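Observations on the three-dimensional arrangement
One letter stands for each residue in the lines below.
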Amino acid sequence: MIKFTIVTITYNAAAVFARTAESVLRQDYRCMEHLIVDGASTDGTKDLALDYKRRSDAMGNGHEVRIVSEPDKGLYDAMNKGLRMASGDYVCFMNAGDFFPDGSTVSLICAKAGLDGMQERDCRLPAVLYGDTDWVDNDGNYVSRRRLTPPERLTWRSFRHGMLVCHQAFYARTDIARRTPYDLRYRHSADVDWCIRVMKEAERMGLPLVNVHATIADYQREGQSTKYHRASLLERFDVMRRHYGLLTTLAMHAWFVVRAVVK
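Residues numbered from 1 in each chain as written. Predicted model: local features only at pLDDT ≥ 70, side-chain atom pairs only at ≥ 80, totals over all residues. Heavy atoms only, no water.

The subject of this paragraph is unusual backbone geometry. We note that Ala-40 has phi near 60°; this positive angle belongs to a residue other than glycine. Turning to its location among the elements, Ala-40 is positioned in the loop between β2 (32-38) and α2 (45-59). The class of Ala-40 is partly exposed, set by a relative accessible area of 27%. Even without being a glycine, His-213 presents a positive backbone phi close to 55°. Inspection of the secondary structure assignment puts His-213 in strand β8 (residues 209-220). (Helix = DSSP H or I, 4+ residues; strand = E, 2+ residues; numbered from the N terminus. Buried < 20%, exposed > 50% of the residue type's maximum accessible area, 1.4 Å probe, protein only.)

Written out as structure tokens, the structure is:
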């Protein structure tokens, strides 16, 4: 049975951790691992995580919850820690405040991707599974469908047009993800660079990227890239320049400006 690792990064996230944990707890897919990588929170987040683990263990739902709480060097350092800990076939980052739309989301991903009959560590497994996302407000209420939508055929070149697949809806094969850790030179946009590098590796290996044609994540619009908008934009420009070249990046950013004005 294919195993999924969900990584949740937390730091003083007591106000929003519960909805993420509950959404994992109610997943009916049994072969799951939930890693909670906490940055030594001081607001009770760790206690909430320990209580969640006790409840999950008592349910006997086939989920393994593991918790580590210690200082780190920031969000992406914590994500790299999660990659090193992950034991599933696929890994996805569902950070504090983000959540699954319903209790059958992971089962749906598995079925839609045609993984039901496949075995763990099968070299034929798709490199990436991806889908749609919805935006929610700080209270977890639906706001809208994410403006950028996943293409039918995703490649690493697709991100020239922006981050068409949300990080929370991007399931990477763990062996590939671990070989392409987050680049800690980027403080706000390492997720964009990581997704592109994972997809480049998929192309090199001749592995498909599979659109599951479903909404598979709800996430808060207010995150790293919106809190530090200008720094994030500068980093994204550098990410795109490195992967697509300066002229292409300049042309695409000119189009982004035109699109924003027209809207």
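Okay, the packing of aromatic side chains next. Counted under the stated rule, the structure contains 11 aromatic pairs. Each ring, one from Phe-93 and one from Trp-194, has its centre 6.0 Å from the other, and the planes form 85°; the classification is edge-to-face. Here Phe-93 is found in strand β4 (residues 90-93), whereas its partner Trp-194 is found in helix α6 (residues 190-205), with 101 residues between them in sequence. Per residue, the accessibility class of Phe-93 equals that of Trp-194, and both read buried. (Phe/Tyr/Trp six-rings, centres within 6.5 Å; stacked < 30°, edge-to-face > 60°.)

Turning to the packing of helix α1 (residues 17-25) against α2, a few remarks are in order. Two quantities define a packed helix pair, namely the angle between the axes and the distance from one axis to the other. The contact between α1 and α2 brings their axes to 11 Å, and the two run at 15°. When the interaxial angle is binned, α1 and α2 end up roughly parallel. Relative to α2, α1 is oriented so that their crossing is right-handed. Contacts between α1 and α2 involve Phe-17, Ala-21, Glu-22, Val-24 and Leu-25 on the former and, on the latter, Leu-48, Ala-49, Tyr-52, Arg-55, Ser-56 and Met-59. Tallied by class, residues from the contact of α1 with α2 come to 8 nonpolar, 1 polar and 2 charged. (Axes fitted to C-alpha atoms, helices over the stretch in contact; angles between N-to-C directions. Parallel < 35°, antiparallel > 145°, perpendicular 65-115°, else oblique. Left-handed = near helix turned anticlockwise from the far one by under 90°. Contact = heavy atoms within 4.5 Å. Nonpolar A, V, L, I, M, F, W, Y, C, P; charged D, E, K, R; others polar.)

Applying the stated rule across the entire model yields 0 disulfides. Cys-31 carries a free sulfur, and the closest cysteine sulfur to it, the one in Cys-110, is 9.3 Å from it. In this structure Cys-92 is not part of a disulfide, and its nearest cysteine sulfur, from Cys-166, lies 8.6 Å away. (Disulfide = S-S within 2.5 Å.)

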